Amino acid sequence: MSLQARMYSLGEIAERFGLELKGDASRQIRGVSTLASAGPDQLGFLANPRYRSQLATTAAGAVIVGPQDAGEIDGRKTPALVADEPYVAFARVASLFESRSAPAAGIHSSAVVAESAHVSAAASIGPLCVVEEGAVIEDGAVIGPQCCIGPECRVGAQSRLSARVVLVDRVRLGRRVIVHAGAVIGADGFGLAFDRDHWIKVPQLGGVSIGDDCEIGANTTIDRGALEDTVLEEDVRLDNQIQIAHNVRIGAHTAIAGCAAIAGSSKIGRYCLIGGGAGIIGHLTIADRVTITAMSLVTHSIREPGEYSSGTPIQESRLWRRNAARFKHLDQLARHVADKNKGHPHE
Amino acid sequence: MSLQARMYSLGEIAERFGLELKGDASRQIRGVSTLASAGPDQLGFLANPRYRSQLATTAAGAVIVGPQDAGEIDGRKTPALVADEPYVAFARVASLFESRSAPAAGIHSSAVVAESAHVSAAASIGPLCVVEEGAVIEDGAVIGPQCCIGPECRVGAQSRLSARVVLVDRVRLGRRVIVHAGAVIGADGFGLAFDRDHWIKVPQLGGVSIGDDCEIGANTTIDRGALEDTVLEEDVRLDNQIQIAHNVRIGAHTAIAGCAAIAGSSKIGRYCLIGGGAGIIGHLTIADRVTITAMSLVTHSIREPGEYSSGTPIQESRLWRRNAARFKHLDQLARHVADKNKGHPHE
Amino acid sequence: MSLQARMYSLGEIAERFGLELKGDASRQIRGVSTLASAGPDQLGFLANPRYRSQLATTAAGAVIVGPQDAGEIDGRKTPALVADEPYVAFARVASLFESRSAPAAGIHSSAVVAESAHVSAAASIGPLCVVEEGAVIEDGAVIGPQCCIGPECRVGAQSRLSARVVLVDRVRLGRRVIVHAGAVIGADGFGLAFDRDHWIKVPQLGGVSIGDDCEIGANTTIDRGALEDTVLEEDVRLDNQIQIAHNVRIGAHTAIAGCAAIAGSSKIGRYCLIGGGAGIIGHLTIADRVTITAMSLVTHSIREPGEYSSGTPIQESRLWRRNAARFKHLDQLARHVADKNKGHPHE
């Protein structure tokens, strides 16, 4: 991968990130890569034990490893940076080599900005953006091309919106929030009342409050609250195509994988991990440090930390069909077995 | 929640919506809220019995309740509006306090409108919209910022599109249709023919027809038909991130929750309720008044009204793994039990 | 369905596509339709045996059929075009009647194109597009309204982007690629490292490489790789609202239905068919010619071609609840049956 960023010596990198260096401090590094692909001017890393064998064969100019692997390294052959958390150290070092420079502050001439909007002189508004009445864009915020910042929305300092993000209405982003392309934050929640023979729309009057350091994935949707706000606490991380319904509250440091969905008014704890495609129905409470595995459906509140799952394992369809057909009569089967057992006390 | 809308007396509200008033008709109301949060100038409501206990403690200036709860209210302490359907009454009253005014009619100077498009003088076209050849925008329609109205598309009277909606091709919206940000209506259906060793695209020549009073959620997609139209009858309500494939037909008054998907050519009845993340495979027929629970997969037509489900319950993963492992051999287990039962006729 | 395209005689159509004609070569055809709806100037087709009975009753001016059905046709009443693969022949013939003409080459005056971007004089850039630094748009490419082509992205010759497509960063599309409205290609992958008590973002430095003749559905998202590229080989077909995570590789000619999701670094083979809403967790390998049925979750690598499924069948919820409750104790039930069987050796 060609990168335009400048080179750094291993010594500079070790000092900047407080890493222990084994080997030649003067070696020049111009990028990062995998152990399998790294060349002599690139830094590789070992975070996942399954790749340990590649340490012996990598052509990397240097490697980031944990203390447990440092012993195996011959620093004369392959210099090493030793970190307690090699993946964290890699993430920090890799950021040196991000070549994309932040756009200059200012409002692009093609953007449409309402009179009553307040845009910091130190913010950047990209081409063909719309900034509506009463919106506030704080210092250092970067609004990508074709974004729409709706009425009374606020984008906090140093936040970065990619292309074509929409903040619909009464959305407040904290500081250093990252929002990826196509996300829609603050659309009306799905509020309906059934009036004899048809639906009437329940006005959605709340907003959305997103804490500092949150990240929102591409084409993810977060609805505004019905009366009070939908809330993400700080450092919540959402992948792509996630649906967060009205009045959901997500605790700090919770991470949610792609295509998961959380229904209205559910409260998710802190430090939770929600797997891809998982679903949580409405009005539930999920404790802190709960993990939900991929594509599981949560239908009751979860009070205890731990890992939870639903579903059945993947099988050849030929076998699966037979088992699935039996599932339709599982209660009958269980009652049948219990009957057989009459008079033979068991467990 | 601060609202800029004007105040209304309880008497005015009772009269306007035909509600029975218990207590001081002169009390001034400036907004709506939950029983737990409402202040003395706000109206609370009780629609969900789980919140009944809050009636005694609410600081609301007045409450909307059903006849069954009206007795508990001391109108001198907390005035009450009594409604047969309190949630419906709340929805109507809340609409009084929606502060957002409709944008003025006219075409924003930054919009790009084709010569052959017909835009009513009483419609509003927002900034940076594109309206293509032969498109028609009827009286009172409001097209939000950055929308794209494709060739030969029609937006019916009083319909409202939020920001960045795309009507791709041959899409017809009825009257009073609401479409939320990021929705894509009228993209090609997924039509492929396998030609020996590769795919060829099957031209998608149909359109999309959306009935009066439908609502389409944020980032939802509704594909155009292959030959005939994809059809939503009137008052169909779609939440966010729903996928409606080509040639689907959805009956009037059916409501579908977020992330559900309906495959090609399936026909859904009237007054159905489809849960979040549910899936319906192609070429099926679903009767009227069918409810599908969240994340269920429908693999055959459903002829009778009622509620239908699939999947397994959420459990601690440690227990779930054991049960899931047994599911892979459930047919064997059932046959085994049947064998044991030879010669012992049972039920 | 009214179409503006010109008319063709059956003789012209038969010759152009190498089909055997039974009946009047001079009959004029102005469009295609289903057997049920086709009129005397339209061509119907029979590809799905379930519709065979309509051959006798169709009012179509002519029909496309397979050799096995050709015998039933009286060419004097209903002329027939006989094709080994009637659906493939229909797809080819239908393309004659697509009325939409390609937009003229050139850059719309409202588009914002960076100095350093290279746009072929034979390409078309629609209204309100943004083309950023270093982007390349090749001959005959058509970029629809409001698209954003990010830095260093390349759109190959004859590729067509619908409205509001975003190529975020370092995305390379091959030739004849079709991308539907709202798709986001090249957003950051979901890369996080947990640093004691909070998340830090892992820089995403790779790109996305899309092969020739791929098709990407509306609101689908394909993330850029962390270090190396996310790759779709040629002729990969993705429906709407699909999520492809960073560093996924999808083999040539694989087709994936709506709302499916593939997690990071998984490798999918060639000629696979992935059903709607299916999920594939990260770091797996799926062999060539594997079919995954709708809403199945793949949690381990699949080495053999074939069809695979997970989940349980849809049932009335009343019955389903009983069976689902038993699933929670299925391991206990199986052990119980095994105990009963002690001393009675069985299979």
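Keep in mind the model is a prediction, meaning the values are calculated, not measured.

**Thoughts on the overall build of chain A**
When helices and strands are counted, chain A shows five helices and 39 strands. Relative to the compact-globule value of 20 Å for 347 residues, chain A shows a C-alpha radius of gyration of 26 Å, a clear excess of over 25%. When contacts within chain A are restricted to residue pairs at least 6 apart in sequence, long-range pairs at least 24 apart make up 19% of them. Roughly 13000 Å² of accessible area belongs to chain A as shown, and the carbon and sulfur atoms make up 51% of that amount. Counting 35 positive and 38 negative side-chain charges, chain A places the averaged centre of each group 7 Å from the other.

**With respect to the pairing of strand β22 (residues 192-195) of chain A**
All names here are of chain A. Bridging between β22 and strand β23 (residues 198-201) involves four bridges; their strand directions are antiparallel. Looking at β23, one finds that D195 is bridged to H198. Remark: two residues form the turn of the hairpin made by β22 and β23, two consecutive strands paired antiparallel; R196 in that turn has positive phi of roughly 65°.

**Concerning unusual backbone geometry**
A positive phi angle, close to 70°, is found at N247 of chain A, a residue other than glycine. Along the polypeptide, N247 of chain A turns up in the loop between β29 (243-244) and β30 (249-250). Since its relative accessible area comes to 12%, N247 of chain A is described here as buried. The backbone of R164 of chain B sits at a positive phi, close to 60°, despite the residue not being glycine. Within the fold, R164 of chain B resides in the loop between β17 (160-161) and β18 (166-167). The buried category is assigned to R164 of chain B, whose relative accessible area is 1%.

**A look at the domain arrangement of chain A**
When the domains of chain A are assigned, the result is domain 1 (8-97), domain 2 (106-308) and domain 3 (318-347). The gap between the C-alpha centroids of domain 1 of chain A and domain 2 of chain A is 37 Å.

**Section: the relation of the copies chain A and chain C**
Between the two copies, chain A and chain C, the superposition gives an RMSD of 0.0 Å; the rotation angle is 120° and the shift along the axis is 0.0 Å. The superposition operator between the copies reduces to a three-fold rotation axis. In terms of C-alpha distance to the rotation axis, chain A has G311 of chain A as its closest residue, with the C-alpha 3.4 Å off the axis.

**Thoughts on the pairing of strand β6 (residues 62-65) of chain B**
All names here are of chain B. Taking every second residue as pointing to the same face, both faces of β6 are buried, with A62 and I64 on one and V63 and V65 on the other. Relative to β6, strand β5 (residues 42-45) runs parallel, the two sharing three bridges. Within the sheet, the bridge partner assigned to F45 lies in β6 and is I64. As defined by bridge partners, β6 adjoins strand β7 (residues 80-82) across three bridges and the pair is classed as parallel. For V65, the partnering residue across the bridge sits in β7 and is V82.

**Remarks on the packing of aromatic side chains**
Inspection of the entire model under this criterion finds 21 aromatic pairs over all chains. Each ring, one from Y8 of chain A and one from F97 of chain A, has its centre 5.6 Å from the other, and the planes form 85°; the classification is edge-to-face. Pair noted here: Y8 of chain A is in strand β1 (residues 8-9) and F97 of chain A is in the loop between α3 (86-94) and β8 (106-107), with a separation of 89 residues, a long-range link. Overall, the relative accessible area of 9% leaves Y8 of chain A in the buried class. Here the basic side chain of R6 of chain C rests over the ring of Y8 of chain C, its NZ or CZ set 3.9 Å away from the ring centre.

**A look at the packing of helix α5 (residues 330-340) of chain A against helix α5 (residues 330-340) of chain B**
It is the contact of α5 of chain A with α5 of chain B, at a shortest axis distance of 11 Å, that shows an interaxial angle of 40°. Classified by the interaxial angle, the pair formed by α5 of chain A and α5 of chain B is oblique. Where α5 of chain A crosses over α5 of chain B, the handedness of that crossing is left-handed. In this structure, α5 of chain A uses L330, L333, H336 and V337 of chain A to contact α5 of chain B, whose residues at the interface are L330, L333, A334 and V337 of chain B.

**Notes on the sheet that holds strand β24 (residues 208-210) of chain C**
Taking strand neighbours across the sheet as the criterion, the eight strands line up as β10-β13-β16-β19-β24-β27-β30-β33 (chain C) in an open arrangement whose pairing is parallel. One side of each edge strand has no neighbouring strand; the edge strands of this open sheet are β10 (118-119) and β33 (267-268) of chain C.

**Overview of the pattern of salt bridges**
By the definition in use, this model includes 66 salt bridges over all chains. Linking R318 of chain A and E316 of chain A is a salt bridge whose minimum nitrogen-to-oxygen distance equals 3.5 Å. Residue R224 of chain B pairs with D169 of chain B through a salt bridge whose shortest N-O separation is 3.4 Å. A residue pair is termed long-range when its members are at least 10 positions apart, and R224 of chain B in the loop between β26 (221-223) and β27 (230-232) and D169 of chain B in the loop between β18 and β19 (171-173) qualify at 55 residues. The exposure class of R224 of chain B is buried, given its relative accessible area of 5%. Each of the salt bridges in this network shares a partner with another, and the network as a whole consists of D169, D188, K201 and R224 of chain A together with E215, D235 and R237 of chain B.

**Notes on the interface of chain B and chain C**
Contacts between chain B and chain C engage 80 residues on the former and 76 residues on the latter. Buried area between chain B and chain C, both sides added, is near 6200 Å², and the carbon and sulfur share of it is 61%. In terms of surface lost to chain C, no three residues of chain B exceed F190, W199 and L227 of chain B, which account for 12% of the buried area on that side. Our count for the chain B to chain C interface comes out at four salt bridges.

**Overview of the environment of P86 of chain B**
Residues and elements named next belong to chain B. With respect to the secondary-structure elements, P86 resides in helix α3 (residues 86-95). Taking the C-alpha atoms as reference points, P86 and R326, 240 residues apart in sequence, are found 48 Å from one another. When residues no more than four places from it in sequence are discounted, the contact partners of P86 are L46, I64, V65 and G66.

**Quick notes on helix α4 (residues 317-327) of chain C**
Listing the buried residues of α4 of chain C in full gives S317, W320, N323, A324 and F327 of chain C. Each buried residue of α4 of chain C sits inside an arc of 125° when the element is viewed along its axis, so together they form one side.

**Remarks on the side chain of D188 of chain B**
Looking at where D188 of chain B falls in the secondary structure, it is placed in the loop between β21 (184-187) and β22 (192-195). Residue class for D188 of chain B comes out buried when judged on its relative accessible area of 18%. There is a polar contact of 2.9 Å between the side chain of D188 of chain B and the side chain of K201 of chain B. In this structure, D188 of chain B is in contact with K201, Q204, D223 and R224 of chain B together with H180 of chain C, ignoring residues within four places of it in sequence.

**As for the interface of chain A and chain C**
Facing the 77 residues of chain A at the interface are 80 residues of chain C. Here chain A packs against chain C, burying approximately 6200 Å² in sum over the two surfaces, 61% of which is carbon and sulfur. The tally of links between chain A and chain C comes to four salt bridges. The residue R92 of chain A makes a salt bridge to D195 of chain C at a minimum N-O spacing of 2.5 Å. At the boundary of chain A with chain C, the tally comes to 32 residue pairs in polar contact (both at pLDDT 80 or more).

**A closer look at the sheet that holds strand β37 (residues 297-298) of chain C**
Residue and element names in this part refer to chain C. One open sheet holds the 10 strands; their spatial order is β9-β12-β15-β18-β21-β26-β29-β32-β35-β37, and the pairing between them is parallel. Unpaired on one side and paired on the other, β9 (112-113) and β37 mark the two borders of the sheet. As defined by bridge partners, strand β32 (residues 261-262) adjoins strand β35 (residues 279-280) across two bridges and the pair is classed as parallel. Looking across to β35, one finds that I262 is bridged to I280.

**Here we look at α5 of chain B**
Burial in α5 of chain B covers these residues: L330, D331, L333, A334, H336 and V337 of chain B. Structurally, α5 of chain B contributes buried residues whose contacts are with α4 (317-327) and α5 of chain A, α4 (317-327) of chain B together with α5 (330-340) of chain C.

**Quick word on the environment of G207 of chain C**
All names here are of chain C. Tracing the sequence through the fold places G207 in the loop between β23 (198-201) and β24. Of the residues examined, G207 reaches a relative accessible area of 1% and is grouped as buried. Separated by 19 residues in sequence, G207 and A226 have C-alpha atoms that sit 8.0 Å apart. Excluding its chain neighbours within four sequence positions, the residues that come into contact with G207 are R170, R224, G225, E228, D229 and T230.

Basis of the calculations
Along each chain, residues carry numbers from 1 onward, in the same order as the chain's sequence is written. For this description, chains carry letters from A and ligands carry numbers from 1, given in the order in which they are written. Selection of residues for local features in this predicted model requires a pLDDT of at least 70, selection of side-chain atom pairs for listing and counting requires 80 or more, and totals for whole chains, interfaces and linings are taken over all residues. Computation of side-chain values covers all heavy atoms of the structure but excludes hydrogens and water. The numbering of helices and of strands both runs from the N terminus, where a helix is a DSSP run of H or I of at least 4 residues and a strand a run of E of at least 2. Computation of the radius of gyration draws on C-alpha atoms alone. For the globule rule, the value is 2.2 Å times the number of residues to the power 0.38. Residue contacts are defined here by distance: any two heavy atoms, one from each residue, within 4.5 Å place the two residues in contact. Residue exposure ignores everything except the shown protein chains as possible cover, and the areas themselves are Shrake-Rupley values with a 1.4 Å probe. Neither His nor the chain ends contribute to the count of charged residues, in which Lys and Arg are positive and Asp and Glu negative. Taken as the charge centre is NZ of Lys, CZ of Arg, CG of Asp or CD of Glu, depending on the residue. By the convention used here, strands pair only if DSSP detects at least 2 bridges between them. The classification of residues rests on relative accessible area computed with a 1.4 Å probe and restricted to protein chains. Under 20% of the type maximum is buried, over 50% is exposed, and intermediate values are partly exposed. Marked domain ranges trace back to an automatic or database domain assignment. The fit set for superposing copies consists of C-alpha atoms from residues with pLDDT of at least 70 in both; the fit itself is least squares. For this analysis, a ring pair means two rings from Phe, Tyr or Trp (six-membered ring only for Trp) whose centres lie within 6.5 Å, classed as stacked if their planes differ by under 30 degrees, edge-to-face if by over 60, and tilted for the remaining angles. Put simply, a charge is over a ring when the Lys NZ or the Arg CZ is close to the ring centre, within 6 Å, and near the line of the ring normal, within 35 degrees. All axes here are fitted lines through C-alpha atoms, helices being fitted over the stretch that makes contact, and every angle between N-to-C directions spans 0 to 180 degrees. Put simply, angles under 35 degrees are roughly parallel, angles over 145 are roughly antiparallel, angles from 65 to 115 are roughly perpendicular, and the rest are oblique. Each crossing is labelled by how the near helix is turned from the far one, with a counterclockwise turn of less than a right angle marking it left-handed and a clockwise turn marking it right-handed. Salt bridge, as applied in this entry: a Lys or Arg side-chain nitrogen positioned within 4 Å of an Asp or Glu carboxyl oxygen. Summed over both partners, the accessible surface that disappears when two parts come together, traced with a 1.4 Å probe, is what is meant by buried area. Taking the helix axis as origin, the arc is that swept by the directions to the C-beta atoms. Residues adjacent in sequence count toward polar contacts only when both atoms are side-chain atoms; beyond that, a polar contact is any pair of N or O atoms within 3.5 Å, and within protein one must be able to donate a hydrogen and the other to accept it.

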